[in-house]
Amino acid sequence: MSRNTLVTLLSMGGLILIMAALALPVLHIGREYIMWVYAVGAALLLAGRLLTPVPAGASVKLRRLLRMEVWTALVFVAGAVFLFLPVTPGAGAGNDWIAFTLAGGVLTVYTSLMIPRQR
């Protein structure tokens, strides 16, 4: 298995698990399952983004976009951390992870549109 195939499998698998974790509350699945599925997805995505090779002769903008993908994966990891924190009544009531997921989603859409344009 080549490195590019492994990177693609890790990244896509991580994003699919994150999406599955987002669908679990609709199916009335417990928070324990949600946080573990989300955390594994975030970890797989981070591993895939860290292993992504930078093409030889890549422009500065392309290298920045590839670095932005790593930061995006870290945003999802931060969302996973908020899932593991105990839920306390008050502002947010344990839903802070959703904000990090939305931010990571927006950055993922941006990089997925801009990276092919730079190549």
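Residues numbered from 1 in each chain as written. Predicted model: local features only at pLDDT ≥ 70, side-chain atom pairs only at ≥ 80, totals over all residues. Heavy atoms only, no water.

Please provide a residue-by-residue account of the packing of aromatic side chains, values included.
Applying the stated rule across the entire model yields three aromatic pairs. Geometrically, the ring pair formed by Trp36 and Phe84 is edge-to-face, given 5.0 Å between the ring centres and 80 degrees between the ring planes. Taken together, the residues span a long stretch of sequence, with Trp36 in helix α2 (residues 31-50) and Phe84 in helix α3 (residues 60-84) at a distance of 48 residues. By relative accessible area, which is 52% here, Trp36 ends up exposed. Looking at Phe84, the relative accessible area reads 35%, which means it is partly exposed. (Phe/Tyr/Trp six-rings, centres within 6.5 Å; stacked < 30°, edge-to-face > 60°. Helix = DSSP H or I, 4+ residues; strand = E, 2+ residues; numbered from the N terminus. Buried < 20%, exposed > 50% of the residue type's maximum accessible area, 1.4 Å probe, protein only.)

Kindly report on the nonpolar core, identifying the contributing residues and their values.
Soluble globular proteins tend to pack their nonpolar side chains together in the buried interior. Core analysis: the largest hydrophobic core is formed by 16 residues, its most contacted members being Ile34, Tyr38, Leu45, Phe76 and Leu83. The set of elements that each furnish at least two residues to this core consists of α1 (3-23), α2 and α3. In terms of residue count, the dominant contributor to this core is α2 (seven residues). Listed in part, the six residues of the second largest apolar core include Ala58, Leu62, Met114 and Ile115. (Core = buried A, V, L, I, M, F, W, Y, C linked by side-chain atoms within 4.5 Å.)

Could you give an account of helix α4 (residues 96-118), with specific residues and numbers?
Its 23 residues give α4 an end-to-end C-alpha distance of 33 Å, which sits within 8% of 33 Å, the value for a rise of 1.5 Å per residue. Buried within α4 are the following residues: Trp97, Thr101, Gly104, Thr108, Thr111, Met114 and Ile115. Residues of α4 that are buried make contact with α1, α2 and α3. (Expected span 1.5 Å × (residues − 1). Contact = heavy atoms within 4.5 Å.)

Provide a residue-level description of the side chain of Thr111, including the pertinent values.
For Thr111, the location among the structural elements is in helix α4. Judged by its relative accessible area of 2%, Thr111 is buried. Each residue touching Thr111, except ones within four places of it in the same chain, is listed here: Leu65, Met68, Glu69 and Pro116.

Can you lay out the pattern of salt bridges for me, pointing to particular residues and giving the numbers?
By the definition in use, this model includes one salt bridge. The closest approach of N and O atoms between Arg49 and Glu69, which form a salt bridge, is 3.7 Å. Of the two residues, Arg49 sits in helix α2 while Glu69 sits in helix α3, which places them 20 residues apart along the sequence. (Salt bridge = Lys/Arg side-chain N within 4 Å of Asp/Glu carboxyl O.)

Just give me the short version of the environment of Asp96, but keep the residues and values in it.
Along the chain, the position of Asp96 falls in helix α4. Distance in space between the C-alpha atoms of Asp96 and Ala80 is 9.9 Å, their sequence separation being 16 residues.

Tell me what's going on with the packing of α3 against α4, and back it up with residues and numbers.
A pair of packed helices can be characterised by two numbers: the angle between their axes and the separation between those axes. Their axes nearest at 9 Å, the elements α3 and α4 cross at an angle of 165 degrees. Relative to α4, the element α3 is oriented roughly antiparallel. Here α3 runs over α4; the crossing is left-handed. A class-by-class count of the residues in the contact of α3 with α4 yields 16 nonpolar, eight polar and three charged. (Axes fitted to C-alpha atoms, helices over the stretch in contact; angles between N-to-C directions. Parallel < 35°, antiparallel > 145°, perpendicular 65-115°, else oblique. Left-handed = near helix turned anticlockwise from the far one by under 90°. Nonpolar A, V, L, I, M, F, W, Y, C, P; charged D, E, K, R; others polar.)

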